[in-house]
Amino acid sequence: MNDDPRPIGVFDSGIGGLTTVRELFQCLPGESVVYFGDTARLPWGNKSKDTVTRFSVEIASFLVRQHVKCVVVACNTASSHALDALRERFDVPVIGVIEPAARAAIAASPRGRIGVVGTLATVGSRAYADAITRLAPTAQVQQQACPLFVPLVEEGWLDHPVTRAVAEEYLAELRQARLESLILGCTHYPMLAPLLADLMGPGVTLIDSGAEAARATAQLLAERGQLAPSGAGARAPHHHFFLSDEPRRRSFATVAQSFLGRPLPHVTVVDQTDLPWFERSHHAPPLTGDRP
Ligand code: DGL
């Protein structure tokens, strides 16, 4: 029976996770979504495990306070570093992007030749490589960090000669590796899928980690009987988007719209005093010593 009208919580370091929300809207059109993008502290892709874990726990507590029925960790960097900490700490199911994408890549790679692209933190964690070899011990995984992709996508340079030149540089070795699939291990990379498909060639299946996580969420909620009520009398879904800061960028609305595939609905820029981490930093002892 489907009888859980509570929203699905989704978080990301910023607005890139809207690519996952777009996939959730496709898979689960009857579900409400509460999204949190930590635009005040982005990017996370070059931060340490401890910092990414702390940010993730803080945001998941915010979402749990919004009475979500599960938490989808859209951010690949957070999924790589913080999943265990989140699962230990919270009672609601926590769905990351790593395992669903690893399974899809294995299914698409009969000879086990799999590539992974992601942020420096995601690639450095080896979370994808470890998940793949745990599930398919003979698989061969080749990874490549592509740190310039995030700012290029945020700039809206999806089909731009500079982005193509950067991608050619990053993908040079992967293009020689006779891969069968390539995991797009970052929220922003699905926006570059046409370019990456062109460079990798038709023999390489691109795996969208957000789309796989959305499918895993649909399956989990169905198994637990926790889908939203449907049919006559069911309430229309209601979505809420929170950001921790309002990006001061000319193309923000356009980029957000292209991530989500539709105009971004009303966004609440959270009052910093309402955030769980504000209290902590607000009451932190003043800096001592002879700093100016
Ligand atoms: N959302 C991040 C990820 O998927 C990319 C952006 C960032 O570095 O914060 O890894």
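Before reading on, note that the structure itself is shown above.
Criteria and cut-off values
Residues numbered from 1 in each chain as written. Predicted model: local features only at pLDDT ≥ 70, side-chain atom pairs only at ≥ 80, totals over all residues. Heavy atoms only, no water. Helix = DSSP H or I, 4+ residues; strand = E, 2+ residues; numbered from the N terminus. Polar contact = N/O pair within 3.5 Å; in protein donor to acceptor, adjacent residues only side chain to side chain. Contact = heavy atoms within 4.5 Å. Buried < 20%, exposed > 50% of the residue type's maximum accessible area, 1.4 Å probe, protein only. Near = heavy atom within 4 Å. Areas by Shrake-Rupley, 256 points an atom, 1.4 Å probe, with all protein chains shown as cover. Nonpolar A, V, L, I, M, F, W, Y, C, P; charged D, E, K, R; others polar. Salt bridge = Lys/Arg side-chain N within 4 Å of Asp/Glu carboxyl O.

1. Structural notes on the side chain of Asp12
Right, on to step 1. Turning to its location among the elements, Asp12 is positioned in strand E1 (residues 8-12).
Right, on to step 2. A polar atom in the side chain of Asp12 sits 3.2 Å from the backbone nitrogen of Gly16.
Right, on to step 3. Setting aside anything within four residues of it in sequence, one finds Asp12 in contact with Gly17, Tyr35, Phe36, Gly37, Asp38, Ala74, Cys75 and Thr187.

2. Some remarks on helix H4 (residues 98-107)
For an α-helix, 3.6 residues make a turn, and residues three or four places apart therefore share a direction.
Right, on to step 1. Residues Ile98, Pro100, Ala101, Ala102, Ala104 and Ala105 constitute the buried set of H4.
Right, on to step 2. Buried residues in H4 make contact with helix H3 (76-89), strand E5 (113-118), helix H6 (127-135), strand E7 (181-185), strand E8 (205-208) and helix H10 (209-223).

3. Examining the site of the ligand
Right, on to step 1. In the vicinity of the ligand, 14 residues are found, and the nearest of them are Asp12, Ser13, Trp44, Gly45 and Thr77.
Right, on to step 2. Ser13 places a polar side-chain atom, nitrogen or oxygen, 2.6 Å from an oxygen atom of the ligand.
Right, on to step 3. Here an oxygen atom of the ligand and a backbone polar atom of Trp44 are 2.7 Å apart.
Right, on to step 4. Against a free-state accessible area of 300 Å², the protein chains account for coverage of 98% of the ligand.
Right, on to step 5. A breakdown of the residues in the shell around the ligand according to their chemical character gives six nonpolar, seven polar and one charged.

4. Some details on the pattern of salt bridges
Right, on to step 1. Summed over all chains, the structure comprises 10 salt bridges.
Right, on to step 2. Here Arg6 ties to Asp4 by a salt bridge, and the two come within 2.8 Å at their closest N and O atoms.
Right, on to step 3. Of the residues examined, Arg6 reaches a relative accessible area of 33% and is grouped as partly exposed.
Right, on to step 4. Among the residues examined, Asp4 registers a relative accessible area of 8% and is labelled buried.
Right, on to step 5. Linking Glu58 and Arg41 is a salt bridge whose minimum nitrogen-to-oxygen distance equals 2.9 Å. Note that Glu58 is positioned in helix H2 (residues 49-65) and Arg41 in the loop between strand E2 (33-37) and H2, a separation of 17 residues in sequence. As far as the burial class goes, Glu58 and Arg41 line up, both buried.
Right, on to step 6. Overlapping salt bridges, with partners in common, bring together Asp38, Arg41, Arg54 and Glu58 in one network.

Everything listed here is a matter of coordinates, which is why it stays silent on function.
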